[in-house]
Amino acid sequence: MPSGNKRRNQLAGDEDGGEGGLDRRRVMQYMAATGVAASIAGCSSGDDSTSTTSGTTTSGTSVSQDEIPSGGTFIYGTTGNTNGLNVFRVGDGETSARAEMVMDLGYVRESPEYSDFLPLWFEDMTVEQPVNQIDIKLRENLQFGEGYGELTAEDYLWCIDNIWTADWANFTYASEFTVGSDEEPIQFEKVDKYTIRETIPNSRPFFPYNEPLSYMFPIPKEIAQPYVEDQNAEGLAQDNAIMRATFNGNLGPWDLKRWSQQSIMEFERGEDYYLREAAANDDRVPEIFTEAPYFDEYHFQYFDKAQTARQALQAGEIDATFIPSTQVGSYENNESDDLQLYENPYRAWSGYLGINHRANGWSQLRNKEVRHALAHIYNNNFVVENIADGRAAAQNTLHPSWGPYAPDDPVTFEGSLETARELLESGTSSDYGYSGDTFVGPDGNQVELTVVYQSGETDDLRAAYLKQRLNQVGIALNQETTSWTSLLSNFFQPGQKASGFSGTIGYGEDNTSGGPYNPGPWDEVVSSNSWDFMLTLGFSYGPLTPAGTIASLFGEQGNFNAYGYTPDRDLGAMRDEAQTAESREAAQSTIQEMLSYLSEERPVIFEYNPFNFYAYRNQVQNIGESPPESYWNMLQDRSSTRMYFSNGSSGR
């Protein structure tokens, strides 16, 4: 289905570049937290083919709607995981990508202007100026499956009150239903069966990037009610209907057919997909959706190693996979007649060396000087030039180099090991210091730290570089590899009381939780496994709403601040100031101040926004222009609903 908005901030891994290339996910993600691809651009031939809404253009040859063949099974090879389609727990990119296979979102933004969007579930939106009241009209005949009836305004309102904003649910995006420093709730009311009125208590210049309903997955009341009554969030998260989204009805382009843990996830074409009828009657929906999707089935084939997935692609066993930057050269120079390469330089994802500020990490990492030492040791320019082979852009804060708010003068580090040694000595407590060339701790032994990551070609090289450089300043490093699921659940997500803490976990007198990824302060709650540094996990976000992203990831009570970072500035208040400014222009100085602050603080060691590369078999058509002309064009690429096989068959 279409890709989307930058729905919301999400955790995402680097090596796989996003599951399935479901840029329908990205489209929606970036929209406002959230979107479908509209017109079709030329394929990856690099020609100047232009898009058309009456057909598509492939390798310079225009294909009319009537000529688009249907059929075949598309297989995407991935090294991710198959942890279900949990529409209740959608905090990470992979889960969202899978969920968005079977359920669309409200709309997909097509430009920075709030009026420019591709309508999906939301047939229309009426916005009063200044943006403080929005009427959202749902399409008619959006149907849940399994007899749960039509999706209407009532379903949204029930989920808002009983799940998405309910304290017991600990919903990851609950904070997006409030505005401003006082956390004033957005008011939602039913206008009629299909219309929801959203009244915003403050100015919200970044609408629709942070319009919450556009990227929520309503759950039928009949499924959720027992868990609501028992306030059983864990039970709801593990319910089979939720894990498999069996109630998706006609709400998305695909239906889950088969799911074999860590092996394969198979989707079959949804026979009653609502958007086909919409495309036939709504001029704003491109004609290509009148028959979408075009594959009979879409599969995720899971591999232990990215190299194995690439070998399967070369052998014609699968149709596409992610290509790490370290391997792109061989595809560029030896691109066979059977493969085509897609390049995306507009990835809104920040890769960095994560730092554990919590009590089960090295205590000295909470000192900024030590983090500055690390920025010298783990030099981002070296990583970009020598590990990513220049196929990335260095970052010195949480914002892509091409983004509209990139500060002009970020703090940079030249990679001096001599300076790093000086900072280590001055930044650590008095019981640390050098013994010869060895950096020792209070027990007189060499300081020994641990980096955890999911093994992959790029991350293996990043970890080896970190180890080499730490050794050069006298610190030993243990390398620990694990799966993506384990990385999230056993290392990143805090869920256990910190040693020596016996109270109730939470922030402030009310023991407020920041959400499942940040239930409390650094000295109260820690992950089940200790760690000091983390690779693989980065952060996916909407580049047009960086204030929310910054507060979410690095605000003390931010919903994704699993790192336990404690800033000495109230990033949440700065976010509120920016998000309730009178205009986007008025918010700019605050946003850049936040980004400059992070550049100086280095709560993590900012590294790069890597380009994405995917290899497709040539039979796969309509993947998008490579590289896309802009971030907005990229959002429309590689949609599972618009791609097709040139002869209607995979040929396997």
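Our subject is the structure listed above.
All values derive from a computational prediction rather than experimental measurement. (Residues numbered from 1 in each chain as written. Predicted model: local features only at pLDDT ≥ 70, side-chain atom pairs only at ≥ 80, totals over all residues. Heavy atoms only, no water.)

1. Some remarks on the pairing of strand S13 (residues 254–260)
Walk down a regular strand and you will see the side chains alternate between the two sheet faces.
Link 1 in the chain: Here six bridges tie S13 to strand S14 (residues 264–269), and the two strands are oriented antiparallel to one another. Each bridged residue has a counterpart across the sheet, and for Asp255 the counterpart in S14 is Glu268.
Link 2 in the chain: In this structure, the hairpin formed by S13 and S14 is closed by a connection of three residues, where Gln262 is found at a positive phi of approximately 55°. (Pairing = 2+ DSSP bridges. Helix = DSSP H or I, 4+ residues; strand = E, 2+ residues; numbered from the N terminus.)

2. Thoughts on the sheet that holds strand S4 (residues 73–78)
Link 1 in the chain: With mixed pairing, the seven strands of this open sheet are ordered in space as S13-S14-S15-S4-S16-S29-S17. Two strands close off the open sheet at either side, each with one partner strand: S13 and strand S17 (339–344). Adjacent strand axes in the sheet meet at a mean angle of 20° when their direction is disregarded.
Link 2 in the chain: Note that S17 and strand S29 (residues 612–617) share six bridges and pair antiparallel. Looking at the pairing, Tyr342 lines up with Tyr614 of S29. (Axes fitted to C-alpha atoms, helices over the stretch in contact; angles between N-to-C directions.)

3. Quick notes on the side chain of Ser639
Link 1 in the chain: Within the secondary structure, Ser639 is located in the loop between helix H18 (631–634) and strand S31 (644–645).
Link 2 in the chain: Of the polar contacts made by the side chain of Ser639, one reaches the side chain of Thr641; its length is 2.6 Å. (Polar contact = N/O pair within 3.5 Å; in protein donor to acceptor, adjacent residues only side chain to side chain.)

4. Describing the packing of helix H10 (residues 368–377) against helix H13 (residues 457–472)
Link 1 in the chain: With their axes 10 Å apart at the nearest point, H10 and H13 run at an angle of 115° to one another. Regarding the angle of H10 to H13, the classification is roughly perpendicular. Note that H10 runs across H13; the crossing there is right-handed. Contacts from Leu374, His376 and Ile377 in H10 reach Tyr465, Arg469 and Leu470 in H13. (Parallel < 35°, antiparallel > 145°, perpendicular 65-115°, else oblique. Left-handed = near helix turned anticlockwise from the far one by under 90°. Contact = heavy atoms within 4.5 Å.)

5. As for the sheet that holds strand S12 (residues 195–199)
Link 1 in the chain: Spatially, S7-S8-S12-S11 is the arrangement adopted by the four strands of the open sheet, whose pairing is antiparallel. With partners counted over all chains shown, the strands left at the sheet margins are strand S7 (122–128) and strand S11 (187–192), one partner each. Strand-to-strand twist of the sheet, defined as the mean angle between neighbouring strand axes without regard to direction, takes the value 20°.
Link 2 in the chain: Of the strand pairs in this sheet, strand S8 (residues 133–138) and S12 are connected by five bridges, and their pairing is antiparallel. Pairing of Gln133 across the sheet is with Thr199, part of S12.
Link 3 in the chain: Against the sheet, helix H3 (residues 153–164) contacts S7, S8, S11 and S12, and its axis sits at roughly 160° relative to S11.

6. Focus on unusual backbone geometry
Link 1 in the chain: For the peptide bond that leads from Ala292 to Pro293, omega is -10°, which places it in the cis range.
Link 2 in the chain: Note on placement: Pro293 falls in the loop between helix H7 (274–281) and strand S15 (297–302).
Link 3 in the chain: Between Ser626 and Pro627 the backbone carries a cis peptide bond, its omega angle lying at -10°.
Link 4 in the chain: Turning to its location among the elements, Pro627 is positioned in the loop between strand S30 (620–621) and H18.
Link 5 in the chain: Phi is positive for Thr536, which is not a glycine, with a value near 75°.
Link 6 in the chain: With respect to the helices and strands, the residue Thr536 is situated in the loop between strand S26 (533–534) and strand S27 (537–540).
Link 7 in the chain: In this model, Asn622 sits at a positive phi of 70°, which is unusual for a non-glycine residue.

7. Thoughts on the nonpolar core
Link 1 in the chain: In terms of nonpolar packing, the biggest core is built from 138 residues, with Phe74, Phe88, Ile163, Trp164, Leu213 and Phe554 touching the most fellow members.
Link 2 in the chain: Broken down by element, the residue count for this core peaks at eight residues, all from H3.
Link 3 in the chain: Once residues within four sequence positions are removed from consideration, Trp164 is found in contact with Tyr156, Cys159, Phe171, Ala174, Phe177, Leu213, Met216, Phe217 and Pro218.
Link 4 in the chain: Counting residues in hydrophobic clusters, the runner-up holds 38 residues, among them Val383, Leu423, Val447 and Val473. (Core = buried A, V, L, I, M, F, W, Y, C linked by side-chain atoms within 4.5 Å. Buried < 20%, exposed > 50% of the residue type's maximum accessible area, 1.4 Å probe, protein only.)

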